[in-house]
Amino acid sequence: MSTAVVRCTTADEYATRWIEKLNQKAEVQFDHTKPLDKWLKSANMLYNQASVQLQEGTEETMKSYYVLMLRYVDLICNEIPQHPGYSNTVMRAEHKKMLGTVKAALGELETAKAKLKKHYEAEFNAKIKEITTLTETRKRERAAQDAKAEREDAAIRNRLALDMERQAEMEARAAALSNRQPANVGVGDQMLRDSWQSLPPHSWPHHPAQGPSSPSPSSPKAGLSVSSDDDLMIGVPVGMDSDPTHIPVLLPRDNRMTWDTFQQLERRQPNPAPRPVAP
């Protein structure tokens, strides 16, 4: 049935092809060697069966009625008169009675054919509608899948773009940090170092417990004095021998302590072992 829908382009063509199939199904392989009285009995049985199918009135029984009645008409009108035993008077009389039913049967066949044609046309239209609906549904499903795939691709592209942006930002920060001062120099340390630039070279803080300080040979000014609770910033005088104006690099904040704490730690240090005297 579905093949007929594919091959036919109109409902009329579809109905015509199905009725042709019913006509082919109604064809009888007439055996002339079979006695004529048996053929007459077979024709009578076809007529009775067709009448029962017609009374059912359903679409399926209408098809059966059409095939049976068409086969009956073919036997009565075409095959039986060609039988060798048709010359028998009794057989002719029986056949004549059956011919009286053919006219009514032909009218019923035309009515049945018209009903079957409408049935097949409606079936064709229903199949076309079903195919159209299925096609549209599949198109919508494909469109929805394509839209979903596009959204997923867009999300992936956005994530990649964001990752690239973050990576570029990190690389820019790393490049900027590489051009700055050492990381252990904080804002406060920078301020101290800036202040230190105003001091003469080799001017170190002086604690009162150390006694009077002597002026630096490179400057008439005396060293700075500190109190016992002042913070002591430990620095590493890198490069001061070659450049007396170089500012010491301050160590991290964890290495800072008060002057008294520094002196106490110095007192706890064991005396260094005497160096061996060369002979």
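Just so it is clear, the model here is predicted, and its values are computed rather than measured.

Moving on, we get to the pattern of salt bridges. Per the counting criterion, the structure on display carries six salt bridges. Here glutamate 121 and lysine 117 are joined by a salt bridge, their closest N and O atoms 2.5 Å apart. Taken together, the positions of glutamate 121 and lysine 117, both in helix α5 (residues 89-178) and four residues apart, correspond to about one turn of that helix. Arginine 173 is paired through a salt bridge with glutamate 169; the nearest N and O atoms lie 2.8 Å apart. Here arginine 173 and its partner glutamate 169 are both found in helix α5, four residues apart, which amounts to about one turn of the helix.

For the rest of this paragraph, the subject is the packing of aromatic side chains. A full pass over the atoms with the stated rule returns six aromatic pairs. Here tryptophan 18 and tyrosine 120 contribute two aromatic rings whose centre-to-centre distance is 5.6 Å and whose plane-to-plane angle is 10°, an arrangement assigned as stacked. Remark: tyrosine 120 occurs in helix α5 and tryptophan 18 occurs in helix α2 (residues 11-25); sequence separation between them is 102 residues. Here tryptophan 18 and tyrosine 120 have matching classes, each one buried. Where tyrosine 47 meets tyrosine 72, the ring centres are 5.1 Å apart and the plane angle is 50°; that geometry is what we call tilted. Of this pair, tyrosine 47 sits in helix α3 (residues 36-56) while tyrosine 72 sits in helix α4 (residues 59-79), placing them 25 residues apart in sequence. Sitting over the face of the ring of tryptophan 18, lysine 21 holds its NZ or CZ atom 4.5 Å from the ring centroid. Just above the ring of tryptophan 39 sits the side chain of lysine 34; from NZ or CZ to the centre is 4.5 Å.

Here we take up α5. The end-to-end C-alpha separation of α5 is 127 Å, in line with the 134 Å expected for 90 residues at 1.5 Å each. All of the buried residues along α5 are Met91, His95, Met98, Val102, Ala105, Leu109, Ala112, Leu116, His119, Tyr120, Glu123 and Phe124.

In this model α2 runs 21 Å from its N-terminal to its C-terminal C-alpha over 15 residues, within 8% of the 21 Å that 1.5 Å per residue would give. Inspection of α2 places Ala11, Tyr14, Ala15, Trp18, Ile19 and Leu22 among the buried residues, and these make up the whole buried set. Along the axis of α2, the buried positions cluster into a sector of 130°, meaning they face one direction only.

By size, the foremost hydrophobic cluster in this structure holds 37 residues, and its most contacted members are Leu36, Tyr66, Met69, Tyr72, Leu75, Ile76 and Tyr120. Elements with a contribution of two residues or more to this core: α2, α3, α4 and α5. Ranked by the residues each element gives to this core, the list is headed by α4, at ten residues. Apart from the residues lying within four places of it in its own chain, the contact partners of tyrosine 66 are Ile19, Leu22, Asn23, Leu109, Ala112, Lys113 and Leu116.

Definitions and cut-offs
- Once a new chain begins, its residue numbering starts again from 1 and follows that chain's sequence as written.
- Confidence filtering applies because this is a predicted model: local features only for residues at pLDDT of at least 70, side-chain atom pairs given and counted only at 80 or more, and all residues used for totals across whole chains, interfaces and linings.
- Excluded from the side-chain calculation are hydrogens and water; included are all heavy atoms of the structure.
- The rule for a salt bridge is simple: a side-chain nitrogen of Lys or Arg has to be within 4 Å of a carboxyl oxygen of Asp or Glu.
- To qualify as a helix, a DSSP run of H or I must reach at least 4 residues; to qualify as a strand, a run of E must reach at least 2; elements of each kind are numbered from the N terminus.
- Only rings of Phe, Tyr and Trp enter the pairing, Trp through its six-membered ring, and a pair is recorded when the two centres are within 6.5 Å. The plane angle decides the type: under 30 degrees is stacked, over 60 is edge-to-face, the rest tilted.
- We call a residue buried when its accessible area falls under 20% of the maximum for its residue type, exposed when it is over 50%, and partly exposed in between, using a 1.4 Å probe and counting protein chains only.
- Only when the NZ atom of a Lys or the CZ atom of an Arg is both within 6 Å of the ring centre and within 35 degrees of the ring normal do we say a charge sits over the ring.
- Take the residue count of a helix, subtract one, and multiply by 1.5 Å to get its expected span.
- This arc describes the spread of directions from the helix axis toward the C-beta atoms.
- Here the nonpolar core consists of buried residues drawn from Ala, Val, Leu, Ile, Met, Phe, Trp, Tyr and Cys, with membership extended through side-chain atoms lying within 4.5 Å.
- Any pair of residues with heavy atoms lying within 4.5 Å of one another is described as a contacting pair.

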